[in-house]
Amino acid sequence: MSRLCIVSTCRSDFGIISGLVKKLSIDKKIKSTFVVYDIHENKNLGKSINEIVKQKIKINYLVRSPKKNFKNKEIELSNKLGSIIVKISKILNTSNPKLIILYGDRIELMSFAISSILMKIPIVHINGGEITTGAYDELTRHSITKISSYHFVSSKKNKNIL
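The structure reproduced in this document is the subject of the present report. Every value quoted in this text rests on a predicted model; they were computed, and no experiment measured them. Per chain, residue numbering runs from 1 following the sequence as it is written. At least 70 in pLDDT is required for a residue's local features to be given in this predicted model, at least 80 for side-chain atom pairs to be given and counted, and no such filter applies to totals for whole chains, interfaces and linings, which use all residues. With hydrogens and water set aside, each side-chain value is computed from the structure's full complement of heavy atoms.

### Overview of the side chain of T9
- When you line up the elements, T9 lands in the loop between strand 1 (2–8) and helix 1 (11–26).
- Exposure categories follow from relative accessible area, calculated using a 1.4 Å probe and restricted to protein chains: below 20% of the type maximum is buried, above 50% is exposed, and the middle band is partly exposed. By relative accessible area, which is 1% here, T9 ends up buried.
- Whether two residues touch is decided by their heavy atoms; if any such pair falls within 4.5 Å, the residues are in contact. Setting aside its immediate chain neighbours within four residues, T9 contacts Y37, I39, H40, R106, L109 and F112. Going along the chain from the N terminus, every DSSP run of H or I of four or more residues is numbered as a helix, and every run of E of two or more is numbered as a strand.

### A short note on the pairing of strand 1
- Within strand 1, five of the seven residues are buried, which leaves it mostly tucked inside the rest of the structure.
- Here strand 1 runs beside strand 2 (residues 30–37); their pairing, made up of seven bridges, is parallel. Within the sheet, the bridge partner assigned to C5 lies in strand 2 and is T33.
- Note on handedness: a crossover is taken as right-handed if, strands pointing away from the viewer, the path from the first strand over the helix to the second is clockwise. At this point the chain moves from strand 1, through helix 1, to the parallel strand 2, and the crossover so formed is right-handed.
- For two strands to be treated as a pair, DSSP must find at least two bridges joining them. In this sheet, strand 4 (residues 99–103) lies alongside strand 1 in parallel orientation, the contact comprising three bridges. Bridged to L4 within strand 4 is L99.

### Considerations on the nonpolar core
- Counting residues in each nonpolar core, the largest one holds 23 residues, and the members touching the most others are V7, V35, V63, I100, L102 and F112.
- Elements with a minimum of two residues in this core: strand 1, strand 2, helix 3 (73–95), strand 4 and helix 4 (107–118).
- Broken down by element, this core gets its largest block of residues, six residues, from helix 3.
- Excluding residues within four positions of it along the chain, I100 makes contact with C5, V7, L92, S116, I121, P122, I123 and V124.
- Nonpolar core, defined: a set of buried Ala, Val, Leu, Ile, Met, Phe, Trp, Tyr and Cys residues in which side-chain atoms within 4.5 Å join the residues together. Grouped together as the second largest cluster of nonpolar side chains are 15 residues, I17, L24, I52 and I57 included.

### Topic: the packing of helix 3 against helix 4
- Look at helix 3 against helix 4: their axes get within 8 Å of each other, and the N-to-C directions meet at 40°. With respect to their mutual orientation, helix 3 and helix 4 come out oblique. Judged by the sense of rotation from one axis to the other, the crossing of helix 3 with helix 4 is right-handed. Across from L77, L81, I84, I85, I88, S89 and L92 in helix 3, the residues of helix 4 making contact are I107, E108, S111, F112, I114, S115 and S116.
- Lys, Arg, Asp and Glu make up the charged group, whereas Ala, Val, Leu, Ile, Met, Phe, Trp, Tyr, Cys and Pro make up the nonpolar group; the residues left over, Gly among them, are polar. In terms of residue class, the contact of helix 3 with helix 4 is built from nine nonpolar, four polar and one charged. All axes here are fitted lines through C-alpha atoms, helices being fitted over the stretch that makes contact, and every angle between N-to-C directions spans 0 to 180 degrees. Here roughly perpendicular refers to angles of 65 to 115 degrees, roughly parallel to angles under 35, roughly antiparallel to angles over 145, and oblique to all remaining angles. We call a crossing left-handed when the near helix sits turned anticlockwise from the far one by less than a right angle, and right-handed when that turn is clockwise.

If you want it as structure tokens, here you go:
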């Protein structure tokens, strides 16, 4: 039996990968683990965890980051990302997937990617090669692309960028 881990960090990626998550969850030859990040619980961002529940998709793990506030936002973000690395490493050790599927470019996804490479789990990256400006998105996406073993792009242009 093949074992996969699929990660969703926010509403926007879930809308795109929900079909894949559903198909993998019913395939008897695949044991899939669905990991959701706590942004899905955020009321200000639409509380998209309700959509996951509504679609009857089983959440195997909900990764919550610390809510501790720091005066320095960079330290606060580093604290969150470090916390995710610790939590996801434990999840990956327990679920023992042969592949992890990551979609997109959110900075939190970097923690999942780092845990995966440390645990020697190949990464499937969906939507590498995209170009965006601002925040950490661009750097995150290209970093994950660099450390990923498998790539699924949305266009020939993105394939060429990859």
